[in-house]
Structure formats: structure tokens, C-alpha cells
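Chain by chain, the residues:
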Amino acid sequence: MIMKLTKDLKVLLLIYLILLLVPIFVHTDLYLMNILIMCLIWSVVAASWDLIMGFSGIFTFGQIAFFVIGAYSSAILTQTFDLSPWLGMPFGGVVAGLTGLLVGLPCLRLKGAYVALVTFAVHMILAPLLKSDLGRALGTGGSQGILTIKPMHFWGYSFSSMEPLPWFYTALFISLLCLLAVYRIIHSNWGLAFTAIRDAEPFAKSLGINGFKYKLVVFGITSFLTGIIGGFYAHYVGVLSTRILGLNLFLILMVMLVIGGLGRFPGAVIGAYLATFLSEWLRPMGNYRMLIFGGLVVLLVVYMPQGIAEILFPQDKPGPLERIRRRVFPKERRASLSNDS
Amino acid sequence: MSLKCSHISKQFGRLKAVDTLNFEVQTGEIFGIAGPNGAGKTTLFNMITGMYTYSGSIAFDGRELNGLPAYRICRAGIARTFQIPQLFASLSVSDNIRAGAHFGSRRNKPEAETIEEIIDFVGLGEHRDHKAAHLKLLDKKLAMIGAALATHPRLLLLDEPIAGLNPSEITQSLELFYRINQELGITILIIEHFMKVLTELSQQLLILENGKKVCLGPPHEVTRDQRVIECYLGEDHD
């Protein structure tokens, strides 16, 4: 698989190169290492969500549901059949992917806010389903959740919560693979079809693009990738409950997308890092944290709809930094300065 | 025979937008369609290209199109443009054309070659890498035609392709339509309000009113038809 080294790929690889080296300085700080691992996890969820919402224009709110389905599936499989988490994670991805296809099917008949409503309904019914007798029979542990999930191991070495480095580098590897897959899809003919359908669906259809097929494909792929990282999350955290389906995480993930900028890869990845650190930084503020996050969403949507990507990768119009520069140095002054020099 | 529409009708609630219409378009000709607003012209295009369901039969080179989805009709050799330019605004001109070449064409010709040929053909060389959203109206229309041509159609449907253009842009567009027809051998079905343009351009002219055929024939005959003068042209037409 040959990839052209575009600006967005360079930024992504630079982020991962820095991350590769960060543990040299902070590997003894368990708290910071945990935040970094969570950043790697959420970056995949945010990038997958961005692929379906930002690049394909399908307003789905089901991404956390697919994440949880992947997590529970991997945990249940490894517990029930005593399998390796390395098998559990792709299995979680497959179950989440199939669920994504099932959710996607009715959504193909709907548009805009109605897709958001259906997918949010899936999010909302997942918690009662996991807690129900049916869920308990499947091994979800009901209201209690799953309390002992197998940790990961590699060549006989079992990962421990007191040693974050193996977890970190595994998360780094899996998230990089998932994000490279997202990047590859965006720059492939599939990505072209997704964007075409988002921009002008009737025109896309008139040019031979099968809208039904590609919308279903994007549902399947994004839920598959989210499910894989959900599986990793389950084995990393070691405990699963339906609390993760609460609105807090939903709002934080939304902030990740808004900070990063919709449809501006790897904006969502950068958004995931900023929002995760911001969330931890605001933790002492208790309930006010979500209030601040909610306010941040409103402010960003109004004043920076393209998110951080507007600054990092200005496309159509000058980004905020350039706009400030132009205000400070109007055209005449810039011209005189350049003449002086 | 290229396109044959037999007893086709389309109804929206109580409104019959297209009412039991019959006509044939011959291979290689330019076929004009005109009529007052609401006559059913664009609805007819939407039916032919699979955007709307309908009753009756539309056959293209002997193949029945009724029931086929839009993307399969494109792959059968029918491409179209839209009255209000529809483009993939966030993509470059070359990517817009690539979409047509990759998804709509069944030829094995390399995509890059097709894209370059089409860009040169429609004259968008200097805008190759520009985003479609930033193009001026004429260039948007040319890019839309380019993307449609990239599907290698045998029949091209143009919906009011010169609306909103200035006289020099209209001349440039008409030259392009002739070249599409003559050099590429593509049959053209064109909706237009400018009767002068239609009479110059087309070999057959169909006038619609309230979804029904008022008149069909060579333009010089159609423009003299009393029913056409009454319902569409008016007594003072040139």
C-alpha cells in the first residue's frame, strides 16, 4: 500500500513520532501515561466519527454505541472462550461493524436530523439492553457490568496496570493502523464517493455513484474501526459498565470533533488530544466541567466552525492567525514594510 | 433510434407533471425541449435519468430504463447536467471529473488520461486544481459538463445550460455543445428557454405545456405552429 506523503499525513506522522518519544520523559508518571493512552483511544473514535459525519455528511450519533459494542464483544469473547485479546479486538470490530451495517440500513432512507435521531436512539437503547436479562444471558453482567476483563499479553508477557509502557505502545500501534486506514480511505475512490455524496447527492448519482452502497460502506467501516479500539479499551480498563454510555463522554467526543474541525483530517485526532487534556485539566471543577464543555461547543461552532484545522490547514480563506496578521498589518503597511526591507 | 419514451407519465399528488408523453430521439441528433415554467421539462429529465419513478416506458438503444437506479442509467450511457449547477464544491475541478471517469465510465481507458482530455476539451486547464466552489458560473457549468462527459455517455441531457450566462459565454457554450455532438458523436437532449438558440442548435424541437406534448418537429415548423405561439412564444416572438 503506497501512500503519497500529503500535508495531512505528514502532520499525523509527526504527531505519532512525538508520541513515540514522549514516554522517555514521562513513563514514570502513571496519571499522564493514562491520559496519553486515552488520547490514543479517543483519536480513533473521533477520526471514525469524522469520516462518517465530516467526510460523508451522515449525521450519526451512534459512534459511542459502536465503541461500547466492540468493547463488550471483545470482553465477552475472551472471557467465554478463553481467547486472546488480540483475537477479541478484531472480533469486537466485526460485531460493531455488522451492527453498524444494521443501523445503517434504515438510515439510508433518511436524511439529516432523522439519521441523528435514529442513531441516537440506538445509543439510548444500548444501556437498557446491556442491563437486561438478554444482555445478562449474553454475558454483559447486567447492571453490574463486566468486572474482570483479561489484560493483554504479548509473547507470554502479561500487561499490568502498573506498567503503562506496553499498553501505551500497543495503543500507539493500533491507533496508528486505524488512523492510516482512515487516511487511506479519505484519499481513495471510496473517499471520493463519500465526499461526492455529501456535496451533491443527485449529481453524484447521475455520475454513476451508488449512494446506497457507499453510505452503507461508511457505516460499516467506521463502526468496525471504532469497535476495534473499543475492544482495546475494554482490556486496558479491565472493567466495563454502561456508565460509559452517559452523556459526558458523548459531549467530550463532540468537543473533539468541533475543536478538530469536521471533515478536516487529522483535525479530529488533534481535537481528541486537546479535548482529553482539557477534560482532565477541568476535572477539579466537578459539574462545571460539562458546563464549560457545552459553552465551548457553542463558541467554537459560532466563531471557529472549521476548528483547529482552520489554523493548521487554512484552505479557502485566511485562517484566524492570518486574519489577525492582516488586521495588525493592513495591506499598505505590509507593502511599506516590505519596501523598507 | 437512441431514446424512445412511450406513454410516460409522472404525477405528484393531484398534479400530472408529465402526462402520457411519447417521443423518440435519434442517434447523433440534438433534440431541443422548451415550454413555459412548470411544463414538466426538468421532471422529464429526472424520469429519464432515474431520479423519479414513473409509469410508461423509456428505452435507450433498446434497453428498458424504467426501474433502474440513477447510477445504473449513467453506466448505461446517459449523463446529465442540472439547471442549478451541482458540483462537488469541496473538491477540485479535476476530482469532480475524476468522479465521473471512475464511477460512471465502463471503458478501460486510464482515468488520468480521460481527466486530462476532458479538461482540455471543455477548456478548464487553468482551473484544474481550483476548488469547484470558487469557480464562476460559466466554469461551474463547464466543470459539470466535463464530469458528465467523463462518464463517456452516448446521450447527454443538458438542463438550461446557458441560463445566467452573458452573450460571449453563451457563444462559447454553444460552440462546446456543437463540438460534443460533432466531434464526440454524443446525442444531446437540451432544455432551454432561448428559442433562438434552440432553433439554431437542434434538429428536432419538442414543446411541452402542463406535462403534455404541444408540438414536435423540426424547429422551423414548430415555431410557426399556432398552438406553440399561443401557449409559449406569444404573437410578438422573433
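Residues numbered from 1 in each chain as written. Chains lettered and ligands numbered in written order. Predicted model: local features only at pLDDT ≥ 70, side-chain atom pairs only at ≥ 80, totals over all residues. Heavy atoms only, no water.

Residues and elements named next belong to chain B. Mapped onto the secondary structure, Ile 180 falls in helix 6 (residues 167-182). We classify Ile 180 as buried; its relative accessible area is 0%. Taking the C-alpha atoms as reference, Ile 180 lies 9.1 Å from Leu 156; in sequence the two are 24 residues apart. Ile 180 has contacts with Phe 121, Ile 145, Leu 149, Leu 156, Gly 185, Ile 186 and Ile 188, leaving out every residue within four places of it along the chain. (Helix = DSSP H or I, 4+ residues; strand = E, 2+ residues; numbered from the N terminus. Buried < 20%, exposed > 50% of the residue type's maximum accessible area, 1.4 Å probe, protein only. Contact = heavy atoms within 4.5 Å.)

Next up on the list: the domain arrangement of chain B. Residues and elements named next belong to chain B. Domain assignment breaks chain B into domain 1 (1-77 + 153-238) and domain 2 (86-151). Distance between the C-alpha centres of domain 1 and domain 2: 24 Å. Its largest share of buried area at the contact with domain 2, domain 1 owes to Arg 75, Pro 153 and Leu 176, together 34% of the area lost on that side. Counting across the domain 1 and domain 2 interface gives 5 residue pairs in polar contact (both at pLDDT 80 or more). Of all the secondary structure elements, the ones that give two or more residues to the side of domain 1 that touches domain 2 are helix 2 (70-75), strand 7 (155-159) and helix 6. Grouping the constituent residues of the side of domain 1 that touches domain 2 by class yields 13 nonpolar, 3 polar and 5 charged. (Domains from an automatic or database assignment. Buried area = accessible area lost by both parts, 1.4 Å probe. Polar contact = N/O pair within 3.5 Å; in protein donor to acceptor, adjacent residues only side chain to side chain. Nonpolar A, V, L, I, M, F, W, Y, C, P; charged D, E, K, R; others polar.)

Residue and element names in this part refer to chain B. Pairing is antiparallel in the open sheet, where 4 strands are placed in the order 2-1-4-5. Either end of the sheet is taken by a strand with one partner, and the two such strands are strand 2 (15-25) and strand 5 (63-64). Bridging between strand 1 (residues 3-12) and strand 4 (residues 55-60) involves 5 bridges; their strand directions are antiparallel. When the sheet's bridge partners are listed, Ser 9 is paired in strand 4 with Ser 55. In the packing of helix 1 (residues 41-48) onto the sheet, contacts are made with strand 1, strand 2 and strand 4, and the angle to strand 1 comes to roughly 115°. (Pairing = 2+ DSSP bridges. Axes fitted to C-alpha atoms, helices over the stretch in contact; angles between N-to-C directions.)

It is worth spelling out helix 5 (residues 113-131) of chain A at this point. Residue and element names in this part refer to chain A. Spanning 19 residues, helix 5 covers 28 Å between terminal C-alpha atoms, matching the ideal 27 Å at 1.5 Å per step. Taken as a whole, helix 5 has its buried residues at Val 115, Ala 116, Thr 119, Val 122, His 123, Leu 126, Ala 127 and Leu 130. Looking at the packing, one finds that the buried side of helix 5 touches helix 3 (63-80), helix 4 (85-107), helix 6 (133-138), helix 10 (211-237) and helix 11 (247-260). (Expected span 1.5 Å × (residues − 1).)

Listed as interface residues are 28 residues of chain B and, on the opposing side, 20 residues of chain A. Summed over both partners, the interface of chain B with chain A comes to about 2,000 Å²; 66% of that surface belongs to carbon and sulfur atoms. When the buried surface of chain B facing chain A is broken down by residue, Tyr 71, Phe 88 and Phe 103 of chain B rank first, second and third, together holding 33% of it. Linking chain B with chain A are 0 salt bridges, by the criterion used here. Summed over the shared surface of chain B and chain A, the result is 8 residue pairs in polar contact (both at pLDDT 80 or more). The element contributing the most residues to the side of chain B that touches chain A is helix 3 (residues 93-104) of chain B, with 8 residues. Class assignment for the residues of the side of chain B that touches chain A results in 14 nonpolar, 8 polar and 6 charged. (Salt bridge = Lys/Arg side-chain N within 4 Å of Asp/Glu carboxyl O.)

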